[in-house]
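Geometric and topological summary
Listed here are the chains, written in short residue letters.
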Amino acid sequence: MKTLGTGRPFGKEQFNTLAQSGTKSQTSTNNKAEVIVNCKGTEMNKVEPLMQRAKKKTITQKVVLSLIDVAKKREDYSEIQAYWNTFHCQNKIVSSENKLYGKYCKNRNCTLCCGIRKADIINRYYPILKNWKEPYFVTLTAKAVPAKSLNKRMRDMQRGFKIILNRSKKRNQRGKGIKLIGIKSLECNFNPEARTYNPHFHLIVANKEIADYIMNEWCKLLTFKFARTYTQKKRKVDNLTGALKETIKYGSKILTNPEKKTKRNQNITPFIYTSALHNIIVSMKGN
């Protein structure tokens, strides 16, 4: 997903992928300056959402402080500022009409913004996708790469997918091919054992025919050297909301298992590999 990990639409339907669901303006009764507040707010009398908000805020701040340390060591000064923006996300809260409002950073490493974005996009996409008779969830992947090659691999994958779209569009205009309709996002996982990164696309497409076409074109374009057929996945969507949640992630899983799960080690405690997370966040920019 290009903007804050947002699902990029393709085909006829055009989706609004803004992270915020709207703005609201409030002017206090004691003639103070007008305050512009974002989103629909959180109701003050509902304890559970407030507790979830506090939990996400705590997790985010701890992760961000570690990311700042990594960025300082690497002298990534632009990232340091972005991380501090995330650290201060929702630090100032405004109350109005029994609701709480705050300013969001909209960064992909912020769990608060990630949760809001998920809810907003699901609300926007679901009414359209639920009309598809047989939607499919597709995962397109390529050979894992070390950190130094991650940014190039992401650019190449985006370029490759664009080639597939353009070819399909031309074939369809000539009456020789199908029209691609769906949404997609770019995600990346880190393998701590191999120290490699696996960028991949998640897609929800309108039917099996589109899913098969995209997978076949992807493997032909990347060739066997970079994309094995058996690593590409597709499945019929049984739970549309769950598939949307999987598709509209911000770009990376924060928690990663330190080793591969087996029958003997099912209770592995996941870790946060902040150096790897920083590499993914940096590489995601512009992709």
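This one's a predicted model, so the numbers in the text were calculated from it and none came from an experiment.

What follows deals with helix α5 (residues 208-226). The sharpest bend along α5 measures roughly 60° and falls at Lys 220. Among the residues making up α5, those that are buried are Ile 210, Ala 211, Tyr 213, Ile 214, Met 215, Glu 217, Trp 218, Cys 219 and Leu 222. Looking at where α5 begins, the residue whose side-chain oxygen comes 3.2 Å from the main-chain nitrogen of Glu 209 is Asn 207.

According to the stated counting rule, one finds zero disulfides in the structure shown. Counting only cysteine sulfurs, Cys 105 is the nearest neighbor of Cys 110, a cysteine outside any disulfide, at a range of 3.8 Å. Free of any disulfide, Cys 114 has its nearest cysteine sulfur in Cys 110, 8.4 Å distant. Its relative accessible area of 16% is what places Cys 114 among the buried residues.

Before going further, it helps to examine the side chain of Thr 141. Counting through the fold element by element, Thr 141 comes out in strand β7 (residues 136-141). On the accessibility criterion, Thr 141 (9% relative accessible area) is buried. In terms of polar contacts, Thr 141 uses its side chain to reach the side chain of Asn 198, at 2.7 Å. Setting aside chain neighbours within four positions, we find Thr 141 in contact with Asn 198, Pro 199, His 200, Trp 218, Ala 227, Thr 231 and Gln 232.

Counting buried positions over the ten residues of strand β9 (residues 196-205) gives nine, a clear majority of the element. The pairing of β7 with β9 spans six bridges and is classified as antiparallel. Considered in β9, the bridge of Tyr 136 is made with Val 205. Judged from the ten bridges that link them, strand β8 (residues 182-191) and β9 form a sheet pairing that is antiparallel. Within β9, the position partnered with Gly 182 by the bridge is Val 205. Hairpin connection of β8 to β9: four residues between the antiparallel strands, including Arg 195 at a positive phi of 60°.

Here the focus is the pattern of salt bridges. Counted by the stated rule, this structure contains nine salt bridges. Here Asp 120 makes a salt bridge to Arg 124, at a shortest N to O gap of 3.0 Å. Of the two residues, Asp 120 and Arg 124 both sit in helix α3 (residues 111-129), four residues apart, roughly one turn of that helix. Look at Asp 120 and you get buried, because its relative accessible area is 8%.

The rules behind the values
- Residues numbered from 1 in each chain as written.
- Predicted model: local features only at pLDDT ≥ 70, side-chain atom pairs only at ≥ 80, totals over all residues.
- Heavy atoms only, no water.
- Bend = angle between axes of the 7 residues up to and from the residue.
- Helix = DSSP H or I, 4+ residues; strand = E, 2+ residues; numbered from the N terminus.
- Buried < 20%, exposed > 50% of the residue type's maximum accessible area, 1.4 Å probe, protein only.
- Polar contact = N/O pair within 3.5 Å; in protein donor to acceptor, adjacent residues only side chain to side chain.
- Disulfide = S-S within 2.5 Å.
- Contact = heavy atoms within 4.5 Å.
- Pairing = 2+ DSSP bridges.
- Salt bridge = Lys/Arg side-chain N within 4 Å of Asp/Glu carboxyl O.

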